[in-house]
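Survey of secondary and tertiary structure
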Amino acid sequence: METAEIRRRWLRFFESKGHAVVPSASLLYDDPNLLFVNAGMVPFKPYFLGQETPPWDRATSVQKCVRTQDIEEVGKTSRHGTFFQMNGNFSFGDYFKAGAIEYAWELLTTSQGAGGYGLEPEKLWVTVFENDDEAADLWVQLTGIPRERIVKRGMADNFWSMGVPGPCGPCSEIYVDRGSEYGPDGGPAVDEDRFMEIWNLVFMQYERGAGQGKDDFPILGDLPRQNIDTGLGLERLASILQGVDNMYEIDEVYPVLDKAAEMSGKRYGATGGQTAQDSHPDDVRLRVVADHVRSSLMLIGDGVTPGNEGRGYVLRRMLRRAVRSMRLLGVADPVLPELLPVSLERMRQSYPELQRDWGRISDVAYAEEEAFRRTLTSGTTILDTAVERTKTAGGTTLGGEEAFRLHDTYGFPIDLTLEMAAEQGLSVDEEGFRRLMTEQRTRAKVDAKAKKSGHVDTHLYREIADSLSAPVDFLGYEGVSGEGRVAGLLVGGATGGRARAGDEVELVLDRTPFYAESGGQLADQGVIELDGARVRVTDVQKPITGLIVHRGVVEDGELGLGDHAVSRVDADRRRSVSRAHTATHILHQSLRDALSSTATQAGSENAPGRLRFDFSWGQPVSPALFSEIEARINEVVLSDQPVSAQVMDKKTALESGALAMFGEKYGDEVRVVSIGDGSWSKEFCGGTHALTVGQLGVVKLLGESSIGSGVRRVEALVGADAYGHLARESAVLSQLTDIVKARPEELADRISTMLTRLKDAEREIDAIRRQQVLGQAAQLAETAGDVRGVLLLTHHVEAAVSGDDLRSLVLDLRSRLGEERPAVVALASVAKGRPVVVVATNAAAREKGIKAGALVKVAAGVLGGGGGGKDDLAQGGGTDATRIGDALGEIRSAITRLGA
């Protein structure tokens, strides 16, 4: 049975049992504690935590998930993968243990011909929490499973919680016996390779308190409503129903593995055991490729682009691990153009949107592979230099700092560093590398914790929302003022009866014209006037769905719950932000028209009079095309087409051609903003806009740049801000024309000519200075003196010369000193504001053990820098030009010590 069919049967079965079918959320679900959705219940967390009221009593989904904490184990076991799909059925105060057990048994054991999965009941085992006799009895009564196939286990295995205070409860897991060839008999407690877990039924019936770990927390009591949360691993069940050894061999994954084996000339499974951990290293690499290619396809499909932090870093790491694994398998040519389409062919059956967005997905992936290929080239050169430096110093171990720099700065994988260093006879200080990696991760976690608001106690907001008869009524689409009453009040972050002048408050009104920050649009500002009080609003947020919270300071008077409120948004600021938001829509469509439909939005910010727009695109936009895009935007502005908004159901909106943004969370009803009749631009959008595009006045694009692999950024000014910018540019242009005595259209050529002449003059000056420096050679050679039998010439060249000129002079002087006796030349100067030192030795000096590279390091250390080179010629530098004399003196001292 194909994986896509397993998915279809799941949804059909639970829909027939009265469950609402909920589409998979994006992998980029809006949860500040998660990089990606990592479990099927994540989109339902607000309902289980009591933060929101579920719109259904029972629901089902097949949720896309990514887990990366065990990425190093991918391919080594049959259970570890990065992307997977979790089938779930959920009950919110509806059915409980009996219903969950009955549904699970029915679907698993019903014949395939009758719409089930057709598993043999004799091969099924279950586990229950050691104190949950109720669940054990229900399994026997409802399914007839023998008690000897029901295993009781402790809290660490069969008790579930989110890791924080909140709902918790016992769980019951279903296992399939795969047969004696996979391990010993005895059930899940004996061997979890033979007995594979496929389904976990969580019975949420208690509330837990604060504590650590999986079993160190108090149970505070029963939940007011008992809930069900289950998760069946789609890939695991597919491996059972398809009769394969592990998840890498199922129909959605194996075709990529097979293609990779064909490209590399390897035969998968030719040696080793049946299970993944017994496999040949080549088989592990093939599994890594298959897993990471599929995961990358799904991540890019949901809007992730490669980067150096967060989600982008995870994607970059997986793409590069796949490419690296193929190189270890012997394939040096680009591989993603061969492998990614194979994964698309399998995954589009369940996710047709991948096919629609294939152009963007493939562009991002192929650009990242090409960038990594360049990294491998440059990183190899840097690694070779580090290896040579280590060997020259007599070392046998490449420092952890070097390995970390290669990894952190150049993206060079540590396994590649280990392998290539070993090829040249060196080990790597892995402990030092791991220490630096740990320090970096710790810093990142501390920084992330400081920035995010995850697991903030939202019960105060929830209490306010529950006290309202309906969600806060937003009036801002119709105007910038309105009346309401105070429905919630927090003073200094805590519930307060009254707020007085000077207090920082969070204010909830039942009706408000204030726009809360979302969708890239900054929040409104303004004032709220109450009975004898006035609040200056500086920020507006939506901490939970349906609640708009005004944050600000009480300027005058005193206020409390129930007070009548008159809200006045800063109208000029709102109009300026709205114009920027409308300009963003026009820019988005203009980029798609000029580049490709794959140039989709990847982020934005709409501020007063300006906008920032990020979009997916793998290369710079040419200046000529950028100018054409700007001209097109202003043509649209001049057309003065109306801007309209319409609320419709999500399906209808998508069918009408409206664009939905990656990673955004949409309800069943969405707001669609159209320019003109909608044939030119139509997008899902909850923001505020100009009434017509003509109100924008003018749009000035400031520039376009890269902010990461496959992502570009455009910044622009709108309206009065754009006019002011153009006026300033015009004034500068007028000044330049007066200075160079040229008409505006001649300015570029005239300045180019002047710069060319200036560069020619600089080259002539450099040539004269070089001649003057070299002309000192004969005179300088006479200043060489004897130091312990070594002819030493040191000199500070006062004239600013380049490093190249200094090397030329050093080599000239070395030749003048001859080869009859040991000779060393050491010159120093200041180049571009920084001290530089060059040392040369003749053959006789090197025979005495005097090496230029070692002397340069001595001098560079005094100058506050570093350097290196060969035994006969080396160069270094630093930051402290005042110590050039000391640096040359240290060279003399070093030679004195060697001579002794």
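Here, every reference points to the structure presented above.
Quick caveat, the model's predicted, so the values are computed rather than measured. (Residues numbered from 1 in each chain as written. Predicted model: local features only at pLDDT ≥ 70, side-chain atom pairs only at ≥ 80, totals over all residues. Heavy atoms only, no water.)

1. Thoughts on the pattern of salt bridges
- One pass over the structure, following the stated rule, counts 57 salt bridges.
- One salt bridge in this structure joins E345 and R348, with 2.9 Å as the shortest N-O distance.
- By relative accessible area, E345 is classed as partly exposed at 42%.
- By relative accessible area, which is 30% here, R348 ends up partly exposed.
- Between E529 and R568 there is a salt bridge whose closest N-O contact spans 2.6 Å. With E529 in strand 18 (residues 526-530) and R568 in strand 22 (residues 564-569), the pair connects residues that are 39 residues apart, well separated along the chain. (Salt bridge = Lys/Arg side-chain N within 4 Å of Asp/Glu carboxyl O. Buried < 20%, exposed > 50% of the residue type's maximum accessible area, 1.4 Å probe, protein only. Helix = DSSP H or I, 4+ residues; strand = E, 2+ residues; numbered from the N terminus.)

2. Section: a nonpolar patch on the surface
- A grouping of V732, L736 and I739 is seen on the molecular surface, where their side chains present a nonpolar patch of about 270 Å² in accessible area.
- By secondary structure assignment, the location of I739 is in helix 20 (residues 720-740).
- Relative accessible area serves as the criterion here: at 63%, I739 is assigned to the exposed category. (Patch = residues over 30% accessible without salt bridge, like charges linked within 9 Å, V, L, I, M, F, W, Y side chains within 5 Å. Areas by Shrake-Rupley, 256 points an atom, 1.4 Å probe, with all protein chains shown as cover.)

3. Considerations on the packing of helix 8 (residues 281-301) against helix 10 (residues 336-347)
- It is at 9 Å that the axes of helix 8 and helix 10 come closest, and there the two elements cross at 70 degrees. By the angle between their directions, the pair helix 8 and helix 10 is classed as roughly perpendicular. The segment helix 8 lies against helix 10, with V289, V293, R294, L297 and M298 engaging L336, L339, L340, S343, L344 and M347.
- Here the residues of the contact of helix 8 with helix 10 are counted per class, giving 9 nonpolar, 1 polar and 1 charged. (Axes fitted to C-alpha atoms, helices over the stretch in contact; angles between N-to-C directions. Parallel < 35°, antiparallel > 145°, perpendicular 65-115°, else oblique. Contact = heavy atoms within 4.5 Å. Nonpolar A, V, L, I, M, F, W, Y, C, P; charged D, E, K, R; others polar.)

4. A short note on unusual backbone geometry
- For D640, which is not glycine, the phi torsion reads 55 degrees and is therefore positive.
- Within the secondary structure, D640 sits in the loop between helix 18 (623-639) and strand 25 (643-649).
- Located in the positive-phi region is R788, a residue other than glycine, with phi close to 55 degrees.
- Owing to a relative accessible area of 52%, R788 belongs among the exposed residues under this scheme.

5. Quick word on the sheet that holds strand 25
- Across the sheet, 3 strands lie side by side as 25-26-27; this open sheet has antiparallel pairing. The outermost strands of the open sheet, each flanked by one partner alone, are strand 25 and strand 27 (681-684). For this sheet the average axis-to-axis angle between neighbouring strands, irrespective of direction, equals 25 degrees.
- Examined bridge by bridge, strand 25 and strand 26 (residues 669-675) share 7 bridges and lie antiparallel to one another. If you follow V647 over to strand 26, its bridge partner there is R671.
- Sitting on the sheet, helix 17 (residues 571-594) is in contact with strand 25, strand 26 and strand 27, with an inclination near 115 degrees to strand 27. (Pairing = 2+ DSSP bridges.)

6. Some remarks on the side chain of R346
- In this fold, R346 is placed in helix 10.
- If near-sequence neighbours (up to four positions away) are discounted, R346 is found in contact with E2, D251, E252 and P255.

7. Examining the state of the cysteines
- Inspection of every chain in the model, using the stated rule, returns 0 disulfides.
- Free of any disulfide, C171 has its nearest cysteine sulfur in C168, 11 Å distant. (Disulfide = S-S within 2.5 Å.)

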